[in-house]
Amino acid sequence: GVKMCGHSWVCPACTAKKMAKYSRRVGAAIDALSEQGYAAFMITFTVFHTKAMTCKQTYELLRKTFHSMTKQANWKRKKKDGSGFYVSSGIWNNFIRDFNIKHTIKTLEVTYGKHGWHPHIHMLFFVEKKRLQEIAKIEESLVEYWNKHCDKIAKEIFTPKQYEIRKFLESKTDREDAEHKSVYISKDDNGNILQVHSGDYLCGWG
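Figured I'd write up the structure that's included with this text.

Calculation criteria
- Here the residue numbering is sequential within each chain, running from 1 through the sequence in written order.
- Local features in this predicted model are restricted to residues of pLDDT 70 or higher, and side-chain atom pairs are both shown and tallied only at a pLDDT of 80 or more, whereas totals for entire chains, interfaces and linings draw on every residue.
- With hydrogens and water stripped out, all remaining heavy atoms of the structure feed into the side-chain values.
- The secondary structure listing takes helices from DSSP runs of H or I that are at least 4 residues long and strands from runs of E that are at least 2 residues long, numbered from the N terminus.
- Partly exposed describes any residue whose relative accessible area lies between the buried limit of under 20% and the exposed limit of over 50%, with all areas from a 1.4 Å probe on protein chains only and scaled to the type maximum.
- Residue count minus one, scaled by 1.5 Å, sets the expected span of a helix.
- Taking the helix axis as origin, the arc is that swept by the directions to the C-beta atoms.
- Here, residues are in contact when the closest pair of their heavy atoms is within 4.5 Å.

**A word on unusual backbone geometry**
The general pattern is negative phi for most residues beyond glycine and trans for most peptide bonds. With phi around 55°, Asn-100 is a residue other than glycine that occupies positive phi space. Here Asn-100 is to be found in the loop between α3 (91-98) and β4 (104-113). With relative accessibility at 35%, the residue Asn-100 sits in the partly exposed group.

And the structure:
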């Protein structure tokens, strides 16, 4: 006779129920694509943040940086070869094309810790299993590309003084701190790209 309230973003009981459902769906997608020869791996996108930044500011920086990087790549026309195609000189589009990425799952997580509000994006990508470990080659260039877009967006949404303070604090922060490492690909203890087999982490409470 117990009725669930259905307020899944504020009620721990309803959230757990909904997250379990999402996790099963993601797990089913991973299993189905695994049978087709694909492996899932996770990239986390985050931005430098401090307790001086509001959740709204940090989220806007994250959202606009992701949009800038993925939707506004640099495009060039190929030489006339009969195809008439355009190609991208942007690192993101080259990554998607070169690894033949056709399937992704994206989720937004918001936590609060020692650095304040921490909105960040977890994203699953599916790549041919035989090419999984090649992904490590693009991490450094992807970090550089993300930071370039993030800096451009930060200049737009912060006042000049806020921007300078942010840059100063960022220069003093240990970049190995996961919450402040702009882009990181999940790896195992041996440094190999971690193959994701479950949707539990992606759909967890947080």
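**Here we look at helix α5 (residues 160-171)**
The terminal C-alpha atoms of α5, which comprises 12 residues, lie 17 Å apart, in line with the 16 Å expected from a rise of 1.5 Å per residue. For α5, the set of buried residues is Tyr-163, Arg-166 and Glu-170. Seen along its axis, α5 keeps its buried residues to an arc of 65°; they face one direction. Exposed positions of α5 whose direction lies more than 90 degrees from the buried face are Pro-160, Lys-161, Glu-164 and Ser-171. Taken together, the buried residues of α5 touch α2 (55-71) and α4 (139-157).

In short, geometric facts, not functional conclusions.
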